[in-house]
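# Observations on chain architecture
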Amino acid sequence: MAERPAPIPFTLLTGFLGAGKTTLLNRLLRDPALADAAVVVNEAGEIGVDHLLVEHVADGVVALAGGCLCCSLRGDLIATLEDLLRARDNGRIPPFRRIVLETSGLADPVPVLQTLTLHPYLAMRYRLEGVVAALDAVAGPETVAERPEAARQVAMADHVVLSKTDLATAEQVVAARALVARLAPAATLQDAGALNVAALLAPSLGIKPSLEVLPEAHGAVRTIAMASEAALSREAYDLFVELLRSAHAPKLLRLKGLIRIVGDERPLVVQGVRHVFAEPRFLENWPDGDVRTRLVAIGEDLAPDLLPRLYAAFAGTVAPDRPDRAALMENPLSLRTGGLLG
Ligand SMILES: Nc1nc2c(ncn2[C@@H]2O[C@H](COP(=O)(O)OP(=O)(O)OP(=O)(O)O)[C@@H](O)[C@H]2O)c(=O)[nH]1
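Since the model is a prediction, treat every value here as computed from it, not as a measurement.

## Examining the overall build of the protein chain
The helix and strand tally for the protein chain stands at 11 helices and 13 strands. Every one of the 342 residues in the protein chain was classed for burial, and the buried ones make up 42%. Of the contacts formed within the protein chain by residues at least 6 apart in sequence, a portion of 75% connects residues at least 24 apart.

Take a look at the structure:
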């Protein structure tokens, strides 16, 4: 009888929207310990951008787009994990020795873990090595207080990585650490700025806090995704982001994507978490050869057409019956429901 193949270590990377999962993943993938890793990324929007922002795996990133792993995509996750095994066993892809699954920021990790551990074949071929949660040292405690899924992500972690300590005050770091000690007392805690990769990849101790005390996971958060051939000038880009930030930040949990800029071959990366937007940076190339702008916004009570309308206005491709950018900028205080600010 053929010998059973050794189970492949599986690391689940979780954390709320913008907590620093992709940044952490890129950091991990630069480490030799993850040189032979396969990566699966769960996108929130139909037009996903997360997998395009994973920089260090040539062809090994599989994107699971179009929904949330814990609600609608469990079947897709199973199929993806089975496909990866089949391709590996047939020699169609290199024999990856580890797998990292980055869940969407809204995913409840509990059903995802159940999917893995209860599926007879997957449970035989993969071995859950640990749950790593990224926690934003600045926004994390408030997010955890407001969003049940954020609390569950930390509570389920074997290892918590505190991100953005470079932006946080000493008090904020103390508060974030205290929160981890309360929610995940058995987890290790590291600072993203001084990462010990070997410790993060260490097998979990298998001690999970009780989940009964945690509230039910997520409600009516909407994801808006868009793609556009139109390019923005740099000036229009700045105004576009400023308008999103000033008018929509309270409802906007996350904005991210790649933007086509007039006169530049390279994509500009936009990254916003609530009202904090990162300094825009260019990637060397469009990661997948598709040179369209692609944007994903995640938030509460966002109008479904908000992003495409606003983008079209700033790109100058606005429909005739809609307020255009000039009108908007001349009178930015005329906030009208249903208008660009609605
Ligand atoms: N200053 C600073 N910025 C960080 C740090 N970690 C992440 N960021 C920034 O925070 C933003 C969100 O980081 P991501 O790594 O994309 O977060 P994420 O959890 O993958 O986000 P989602 O996929 O939307 O859930 C980006 O602009 C990052 O550059 C950190 O330790 N310090």
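Here the narrative resumes, following the displayed structure.
## Focus on helix H9 (residues 234-248)
A rise of 1.5 Å per residue sets the reference length of H9, with its 15 residues, at 21 Å; its end C-alpha atoms lie 21 Å apart and thus fit the reference within 8%. Listed as buried for H9 are Tyr237, Phe240, Leu244 and His248. Summarising the axial view, the buried residues of H9 lie within an arc of 65°, below the 170-degree limit, and thus occupy one face. Away from the buried face of H9 by more than 90 degrees, exposed residues Glu235, Glu242 and Ser246 are located.

## Observations concerning the site of the ligand
Contacts to the ligand come from 21 residues, most closely from Gly20, Thr22, Thr23, Gly105 and Gln271. For the shell around the ligand, the secondary-structure elements that each account for two or more residues are helix H1 (21-29), strand E9 (252-260) and strand E10 (267-273). A total of three residues in the shell around the ligand trace back to one element, the largest contributor, which is H1. Considering only residue class, the shell around the ligand consists of seven nonpolar, eight polar and six charged. Domain assignment of the residues forming the shell around the ligand places at least three in each of domain 1 (8-200) and domain 2 (221-330).

## Section: unusual backbone geometry
Even without a glycine there, the phi angle at Lys164 is positive, about 60°. Residue placement: Lys164 occurs in the loop between strand E6 (159-163) and helix H7 (170-183).

## Regarding the nonpolar core
Ile99, Leu135, Val154, Ala157, Val160, Val180 and Tyr311 are the most contacted members of the largest nonpolar core, which totals 81 residues. In terms of residue count, the dominant contributor to this core is helix H10 (residues 306-315) (eight residues). Residue-level mapping places this core at the junction of two domains, with at least three residues from each of domain 1 (8-200) and domain 2 (221-330). When residues no more than four places from it in sequence are discounted, the contact partners of Val154 are Ala133, Leu135, Val144, Val160, Val180, Leu183 and Ala184.

## Some words on helix H6 (residues 148-155)
Counting buried residues in H6 gives seven out of eight residues, a clear majority hidden from the surface. Inspection of H6 places Glu149, Ala150, Ala151, Arg152, Gln153, Val154 and Ala155 among the buried residues, and these make up the whole buried set.

## Some thoughts on the confidence of the model for the protein chain
In this model, the protein chain carries a mean pLDDT of 79, and residues with pLDDT of at least 70 account for 77%. Predicted confidence in the protein chain is weakest over helix H11 (residues 325-330), with a mean pLDDT of 49, and strongest over E6, with 96. Within the model, the stretch residues 205-218 combines pLDDT values under 50 with 24 contacts to residues more than four positions away or in other chains. Note on residues 329-342: pLDDT under 50 across the span, and 13 contacts to partners over four residues away in sequence or across chains. For this predicted complex, the interface confidence reaches an ipTM of 0.98, while the overall pTM sits at 0.74.

## Here's the deal with the pairing of E6
For E6, a buried count of five out of five residues is recorded, marking the element as mostly surrounded by other parts of the structure. Alignment of strand E5 (residues 126-136) against E6, held across five bridges, turns out to be parallel. For Ala134, the partnering residue across the bridge sits in E6 and is Val161. In terms of handedness, the path from E6 via H7 over to strand E7 (residues 188-191) forms a crossover that is right-handed.

About the thresholds
Starting from 1, residues in each chain are numbered consecutively following that chain's sequence as written. The predicted nature of this model means local features are confined to residues of pLDDT at least 70 and side-chain atom pairs, given and counted, to a pLDDT of 80 or more, with totals for whole chains, interfaces and linings taken over all residues. In this description a helix means any DSSP run of H or I spanning at least four residues, a strand means any run of E spanning at least two, and both kinds are numbered starting from the N terminus. Residue burial here comes from a neighbour count, namely the number of other C-beta atoms, placed from the backbone, that lie within 10 Å of the residue's own C-beta, with 20 or more meaning buried, 12 or fewer meaning exposed, and in between meaning partly exposed. What counts as a contact is two residues whose backbone-derived C-beta atoms lie within 7 Å of each other. A helix is expected to span 1.5 Å multiplied by its residue count minus one. When we speak of the arc, we mean the arc of directions from the helix axis to the C-beta atoms. As a rule, any residue with its backbone-derived C-beta atom within 6 Å of a molecule or strand is reported as near that molecule or strand. Classification convention: Asp, Glu, Lys, Arg as charged; Ala, Val, Leu, Ile, Met, Phe, Trp, Tyr, Cys, Pro as nonpolar; all other residues, Gly among them, as polar. Where each domain begins and ends follows an automated or database-derived domain assignment. Residues enter a nonpolar core if they are buried, belong to Ala, Val, Leu, Ile, Met, Phe, Trp, Tyr or Cys, and are joined to the set through C-beta atoms within 7 Å. For every residue, the predictor reports its confidence as pLDDT, a number between 0 and 100. Strand pairing is defined by DSSP finding a minimum of two bridges between the two strands. Crossover handedness is defined by viewing with both strands directed away from the observer: a clockwise path from the first strand over the helix to the second marks the crossover as right-handed.

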